[in-house]
4 protein chains.
Amino acid sequence: MRIGILTSGGDCPGINATIRGVCKTAISHYGMEVYGIRSGFRGLLDNDIIPLDENSLTGLLSMGGTILGTSREKPFKNRANVPVSEDKPAMMLKTIRERKLDCVVCIGGNGTQKTAAKLAATGVNVVTVPKTIDNDVWGTDISFGFDSAVSIATEAIDRLHSTASAHQRVMVIEVMGHKAGWIALYSGMAGGGDIILLPEIPFDIHRIGDTIINRLKKGKPYSIVVVAEGIPTLGGKKAAQYIAEEIEYETGFETRETVLGYIQRGGGPTAFDRNLATRMGGHATELIASGQFGRMVSLRGSEITSVPLSEVAGKLKLVTEEHDLVIQGRRMGICFG
Amino acid sequence: MRIGILTSGGDCPGINATIRGVCKTAISHYGMEVYGIRSGFRGLLDNDIIPLDENSLTGLLSMGGTILGTSREKPFKNRANVPVSEDKPAMMLKTIRERKLDCVVCIGGNGTQKTAAKLAATGVNVVTVPKTIDNDVWGTDISFGFDSAVSIATEAIDRLHSTASAHQRVMVIEVMGHKAGWIALYSGMAGGGDIILLPEIPFDIHRIGDTIINRLKKGKPYSIVVVAEGIPTLGGKKAAQYIAEEIEYETGFETRETVLGYIQRGGGPTAFDRNLATRMGGHATELIASGQFGRMVSLRGSEITSVPLSEVAGKLKLVTEEHDLVIQGRRMGICFG
Amino acid sequence: MRIGILTSGGDCPGINATIRGVCKTAISHYGMEVYGIRSGFRGLLDNDIIPLDENSLTGLLSMGGTILGTSREKPFKNRANVPVSEDKPAMMLKTIRERKLDCVVCIGGNGTQKTAAKLAATGVNVVTVPKTIDNDVWGTDISFGFDSAVSIATEAIDRLHSTASAHQRVMVIEVMGHKAGWIALYSGMAGGGDIILLPEIPFDIHRIGDTIINRLKKGKPYSIVVVAEGIPTLGGKKAAQYIAEEIEYETGFETRETVLGYIQRGGGPTAFDRNLATRMGGHATELIASGQFGRMVSLRGSEITSVPLSEVAGKLKLVTEEHDLVIQGRRMGICFG
Amino acid sequence: MRIGILTSGGDCPGINATIRGVCKTAISHYGMEVYGIRSGFRGLLDNDIIPLDENSLTGLLSMGGTILGTSREKPFKNRANVPVSEDKPAMMLKTIRERKLDCVVCIGGNGTQKTAAKLAATGVNVVTVPKTIDNDVWGTDISFGFDSAVSIATEAIDRLHSTASAHQRVMVIEVMGHKAGWIALYSGMAGGGDIILLPEIPFDIHRIGDTIINRLKKGKPYSIVVVAEGIPTLGGKKAAQYIAEEIEYETGFETRETVLGYIQRGGGPTAFDRNLATRMGGHATELIASGQFGRMVSLRGSEITSVPLSEVAGKLKLVTEEHDLVIQGRRMGICFG
């Protein structure tokens, strides 16, 4: 059996560990042949494919990034008015046929799941692994990369506490999360944020100001505000800047902002993410070995299982008011807006 | 309502975050009064109790150790032939009555759960939170402290790789785990161990030697061996020393050992453990508020719930051959003995 | 002997370790009394002063921020047209006299050294310790806080490598340094930056573009650019944004920017900074004990010594083309502009 | 010009950064050819040599270990009664001649400096770079690897504080340093050790006990003891075990020991060590380019320079009572024995 593997979408700690998990299981347990498809779906268009053997896997467990490269190529997009010779789905099928790939493993986020579902619909054997620091892929409790991103963000928030307290300031930190506030919620709670703003929960700037002023009255003349990048703002401002300006206006407190940015998605994975990535990669190979295609690997509770790709594609997993960490945060006096 | 809180048994990252979770919820949400009982159950014997308010909780989320102190005091042990005036259970009840504590929250490992169950059997309202880096408390999927210990051990194993490879050596590292091999399993898998030995899985030193020699044949003249401290040895030797000597004898490879020791249980918790500890602490207060006593807080899948203390006490949660990470490890060619 | 100690200007890892170094030496070796002046020079204006004893020092060695608080109060600024009763220097002298302080230890950066020199000129016994993550205080080879800031920035740059390489992008990271490029130079070199831009060295955007294109030709279709916040830009743009836009325009490469911001100055100090801070704090007390006032503690080579405050005040220590790390960087093909 | 480069002796963070510094300067600045000699001096015996180009250097700056491998081969030892055909110095000269190496760069500790000096005495052009986590190479203020080892040890000591304080125990930690106590001194001071024992300073167990008991009297019923592995013990016991037993006997305090071991020398270098290694590597190439052979690169104050190998070989740099950090430690009440 010959399997191809590709990584698509944004960088995320644990991709290489997943590749290792897929390949080691495939090669040493099932005697499959494995091929690396480079730069995401673009490698299927360009026939840019390399063989992977056990030696290619050395050091991958702890290494950030992806040895296969990635891209944001979406081969099923804008197909109207394209000459047949440039029809991307056809080009991909040609490569898969030429390379005699029995299956393609796609490691990626929501966009990748959508593309993979479409590829599967053309008759290709596809298995996917969810990959996102944002944790917003529907159908899995947690994605690898999320724990790493939360750890980095939490460490950054830890560092801001000393400045906030030494200068009696409000420190606003913006973390990743366009539509889903998972990183803000988890790092905000782990970092001791006093105010945590998510795209999913509407906020009222007066209530935020009141929270800061009430802290002052209790002898804490400083506050930490954790905001997801995707919260609504006015005037096209970035989240952190907008909230910092509003807080300064409301409270008169000196307020400073930090945008954490790309360091959240770079570097090696945490131990937690390494094991999750390894298990998910191994399970992808199990699905292939047992002929279960068109499925996305998934974590449910503490068990690795899988869900039909068709159920996943196009959906987002969002934070809700009923999430235990939101409820617990509110009970502890944290302001969610 | 007045609640007392104590921490008992070994140090563990996340205890202070749990105390904070219990107290913030109790004080700011339920208006309860909270008292800290010092040095575990000894504080109940000695009436060594201090009030806790919101200011006592500043900085606790990320702080290692326990602000309440701990001890290994087991007040229900060896009660025969003790004069009534020195009967420890009676002394504890006296303190609880004098201090008018409506409930005692006990944060601790297996020994603590046992003691707490006995205390509950005397009629005291008890709620417990499992606390162990070893992850061997029955009735919960994961305990806080475990992720932190695994992270520290994984980072240590990461460091050994460079020495193993530069010197073409076998490096043996001993991690904590007397009866349960959870830390060895999780850090061994996350750290890229080639051989992982747990108390629960019998090993054969010849098979270990073969694994090392096969790696040499594949061009990898070095190996990483992760052993739990509780594996069986001969001659009263410590786990790492015994395995290192046996490997050197079997293979002729230069072999070096490291015993990780106490640094696994010290220092601040990971982001994962902070959130787990916060949620568990908060849930303990919820149990009190709703009058559900005699229960241990528990993580099941991704949900915080609770189990009857009577079901927990005296049982250990061990690694089994059916554990997904063991199965996945075997598929990838890792030797478990 | 009674000494007062204050911390002024921006937050910096190692301030608390310096306070501990001053106080432990003063209290346990010389039997002096020590008083903490809160919120920088503002504490001298407001007579906001607390006694410090050995118990106040527990845990300070590794703690970020400053237990005394800080401010940017400049009491010698804008003295014209101020009524005598509000003359700040006089107010400070009144506090010092009332509190019977024989000496004031000022821990701070360039602004603080200037203020301290003016305070010394009024006849007050002053000893200072340089404190700046920017490393731009004249008269000392290194200031504590610098190694910590460089470590944090280097770790961030490390993380960007995986994203740069996975996405074949140019990643621009902006680190602190308004006038001096020390952090950019040291973290850029330690983090493997390909292009490093400092306020002190003029740059030519074409040469930067050529460097990136030459790397592409050598098979490296990605680059890391480290810029100090203080480099000249056009249109009021921030350093990272300006450089990223210019690179994208010049080369056509997808370019992303990150502004590291406040996390560089928060959190606990590295081992290096703890020892430097401890030694500098101890030396400050030595100067007091031997009656050498009007001096700033200084590191020269590996020796702790001191320089006259009057020589320090108003000068900046800048990177020059002759600095060994610049010369070495150029030899290795790094582009400094 | 053709240069060979080898790494010899124990693993040490920063070796790969040094190799990169030597090679990048040699290749891109001077147009030299560079060859990697594998497994230390053994590679010269076995003619095990590979070409190094710029692509071989990717990722080396932050990578632990040595890509060239290392060994403890001492080719000038035990030469009596060896047949001429097996005379190791002659074998090395043959390789150097055959490979047309104009110079050999040796990166290593004290043993390596000795061997290199002997190799130089046979007429070979030799330049060396000091490499030791122990910091005991004579002729340089600091060696790369030392800051990394101190950082790791300090972080470990930080972790022990929480256990010591939670359990009211004495925690003894053994760090590396057979003859020189540099790591114990620097990590002990940075980690807030209460007692620091070095091979260079004789200790009295009663004084150690008194220190612990005095701390108890001051309300600190726990202590941290940092010991170098090379302190004298009785009965062939390891340093930590011996001291822990003696303290328990003297004071009655529950005492626990940790031996940090190999994790001190593994893994990637700190930012400080990366820059030191880069500068030292670059300077080695400068020495070659300017024909200055028989010299060891050296850090003096903040300047990189070099010293004659003949002055270095056979000497050890030890801690003395006059070292500033010892003096400062004593002033702060730390017990050095």
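So, how was this worked out
All chains use their own residue numbering, which begins from 1 and follows the written sequence. The order in which chains are written sets their letters, starting at A; the order in which ligands are written sets their numbers, starting at 1. The predicted nature of this model means local features are confined to residues of pLDDT at least 70 and side-chain atom pairs, given and counted, to a pLDDT of 80 or more, with totals for whole chains, interfaces and linings taken over all residues. Only heavy atoms go into the side-chain values, all of them from the structure, while hydrogens and water stay out. Per the convention used, a helix needs a DSSP run of H or I reaching at least four residues, while a strand needs a run of E reaching at least two, with both numbered from the N terminus. Only protein chains enter the accessibility calculation, which uses a 1.4 Å probe; a residue whose area is less than 20% of its type maximum is buried, one above 50% is exposed, and one in between is partly exposed. Throughout, a contact is declared for two residues whenever any of their heavy atoms are within 4.5 Å. Between N or O atoms, a polar contact is any pair within 3.5 Å; within protein, one atom must be a potential hydrogen donor and the other a potential acceptor, and residues adjacent in sequence are included only when both atoms are from side chains. The source of the domain bounds is an automatic or database domain assignment. Using a 1.4 Å probe, buried area is obtained as the accessible area two parts lose upon being combined, added over both of them. Salt bridges are defined as contacts in which a side-chain nitrogen from Lys or Arg sits within 4 Å of a carboxyl oxygen from Asp or Glu. Ten residues, namely Ala, Val, Leu, Ile, Met, Phe, Trp, Tyr, Cys and Pro, are considered nonpolar, four, namely Asp, Glu, Lys and Arg, are considered charged, and the remaining ones, Gly among them, are considered polar. Only residues with pLDDT of at least 70 in both copies count here: their C-alpha atoms drive the least-squares fit that superposes the copies. Under this scheme, a helix contributes an axis fitted over its contacting stretch, all axes are lines through C-alpha atoms, and angles between N-to-C directions fall in the 0 to 180 degree range. Each angle gets one of four labels, with under 35 degrees taken as roughly parallel, over 145 as roughly antiparallel, 65 to 115 as roughly perpendicular, and the rest as oblique. For any helix crossing, the convention is left-handed if the near helix is rotated counterclockwise from the far helix by under a right angle, and right-handed if that rotation is clockwise.

## Here we look at the environment of D:Leu260
So, point 1. Mapped onto the elements, D:Leu260 comes out in the loop between strand S9 (255–259) and helix H9 (271–289).
So, point 2. Taking relative accessible area as the criterion, D:Leu260 reaches 1% and is therefore assigned buried.
So, point 3. Considered as a pair, D:Leu260 and D:Ser8 are 252 residues apart in the sequence and their alpha carbons are 23 Å apart.
So, point 4. Sequence-distant contacts of D:Leu260, that is, excluding residues within four places in its chain, are made with B:Thr258, B:Ile263, D:Ile152, D:Ala153, D:Ala156, D:Ile173, D:Glu174 and D:Val175.

## A word on the environment of D:Ser71
All names here are of chain D.
So, point 1. On the secondary structure map, Ser71 appears in the loop between strand S3 (49–52) and helix H3 (88–98).
So, point 2. It is 5.6 Å that separates the C-alpha atoms of Ser71 and Ser8, two residues lying 63 residues apart in sequence.
So, point 3. Excluding residues within four positions of it along the chain, Ser71 makes contact with Thr7, Ser8, Gly9, Ser39, Gly40, Phe41 and Arg42.
So, point 4. A polar side-chain atom of Ser71 sits 2.8 Å from the main-chain carbonyl oxygen of Ser39.

## Overview of the domain arrangement of chain A
Residue and element names in this part refer to chain A.
So, point 1. Each assigned domain of chain A is listed here: domain 1 (2–145 + 269–312) and domain 2 (148–265).
So, point 2. A separation of 35 Å is found between the C-alpha centroids of domain 1 and domain 2.
So, point 3. In this complex, domain 1 contributes 12 residues to the contact, which on the side of domain 2 involves 10 residues.
So, point 4. Sorting the residues of domain 1 by area buried against domain 2 places Asp11, Ile133 and Asp134 first, and these three jointly supply 51% of that buried surface.
So, point 5. On the surface where domain 1 and domain 2 come into contact, there are zero salt bridges.
So, point 6. There are six residue pairs in polar contact (both at pLDDT 80 or more) connecting domain 1 and domain 2.
So, point 7. Residue classes in the side of domain 1 that touches domain 2 are distributed as four nonpolar, four polar and four charged.

## A look at the relation of the copies chain C and chain D
So, point 1. Once chain C has been moved 0.0 Å along the axis and rotated by 180 degrees, it coincides with chain D to within an RMSD of 0.0 Å. Considering both components of the superposition, the chain copies are consistent with a two-fold axis. For chain C, the residue whose C-alpha comes nearest the rotation axis is C:Gly301, separated from it by 1.7 Å.
So, point 2. Comparing interface residues between copies, 98% of those in chain C also lie at the interface in chain D; the contact surface is shared.

## Side note on the interface of chain C and chain A
Note on interface size: it is often stated as the accessible area lost on association of the parts.
So, point 1. At the junction of the two partners, chain C supplies 31 residues and chain A supplies 31 residues.
So, point 2. Contact between chain C and chain A buries roughly 2,300 Å² in total, counting both sides, with carbon and sulfur atoms accounting for 57%.
So, point 3. The interface formed by chain C and chain A holds zero salt bridges in total.
So, point 4. One can count 16 residue pairs in polar contact (both at pLDDT 80 or more) joining chain C with chain A.
So, point 5. At the level of elements, helix H5 (146–167) and strand S9 (255–259) of chain C are the ones that each hand at least two residues to the side of chain C that touches chain A.
So, point 6. In terms of residue count, the dominant contributor to the side of chain C that touches chain A is H5(C) (nine residues).

## A word on the packing of helix H5 (residues 146–167) of chain D against helix H6 (residues 182–190) of chain D
Residues and elements named next belong to chain D.
So, point 1. The interhelical angle for the contact between H5 and H6, taken along N-to-C directions, is 45 degrees, at an axis separation of 8 Å. When the interaxial angle is binned, H5 and H6 end up oblique. Crossing of H5 over H6 shows right-handed handedness. Contact residues: Phe146, Ala149, Val150, Ala153, Thr154 and Ile157 in H5; Trp182, Ile183, Tyr186, Ser187, Gly188 and Ala190 in H6.
So, point 2. Residue composition of the contact of H5 with H6, by class: nine nonpolar, three polar and no charged.

## Describing the interface of chain C and chain D
So, point 1. Counting from both sides, the interface comprises 43 residues of chain C and, opposite them, 42 residues of chain D.
So, point 2. With both sides pooled, the region where chain C packs onto chain D buries about 3,300 Å², and carbon together with sulfur makes up 50% of that total.
So, point 3. The three residues of chain C that bury the most area against chain D are C:Asn275, C:Arg331 and C:Met332, which together make up 20% of that side's buried surface.
So, point 4. Scanning the region where chain C abuts chain D turns up eight salt bridges.
So, point 5. The partner of D:Glu54 in a salt bridge is C:Lys218, with the nearest N and O atoms 3.6 Å apart.
So, point 6. Here chain C and chain D share 18 residue pairs in polar contact (both at pLDDT 80 or more) between them.
So, point 7. Elements with a minimum of two residues in the side of chain C that touches chain D: helix H1 (15–29), H5, helix H6 (182–190), helix H9 (271–289) and helix H11 (324–331) of chain C.

## Considering the arrangement of the chains
So, point 1. With no contact formed, the shortest span from any C-alpha in chain B to any C-alpha in chain C equals 11 Å.
So, point 2. What separates chain A from chain D at the closest point of their C-alpha atoms is a distance of 11 Å, and the two make no contact.

## Brief notes about H11(C)
So, point 1. By the burial criterion, the buried members of H11(C) are C:Leu325, C:Val326, C:Gln328, C:Gly329 and C:Arg331.
So, point 2. Of the surrounding secondary structure, the elements contacted by the buried residues of H11(C) are H6 of chain C together with helix H1 (15–29) and H9 of chain D.

## A closer look at unusual backbone geometry
Where the residue is not glycine, phi is negative for most of them; where a peptide bond is considered, it is trans in most cases.
So, point 1. Of note in this structure, B:Ser39 is not a glycine but carries a positive phi near 60 degrees.
So, point 2. Position of B:Ser39 among the secondary structure elements: in the loop between strand S2 (33–37) and helix H2 (42–46).
So, point 3. A relative accessible area of 14% places B:Ser39 in the buried class.
So, point 4. We note that D:Asn81 has phi near 60 degrees; this positive angle belongs to a residue other than glycine.
So, point 5. Its location among the elements puts D:Asn81 in the loop between S3 and H3.
So, point 6. For D:Asn81, a relative accessible area of 81% translates into the label exposed.

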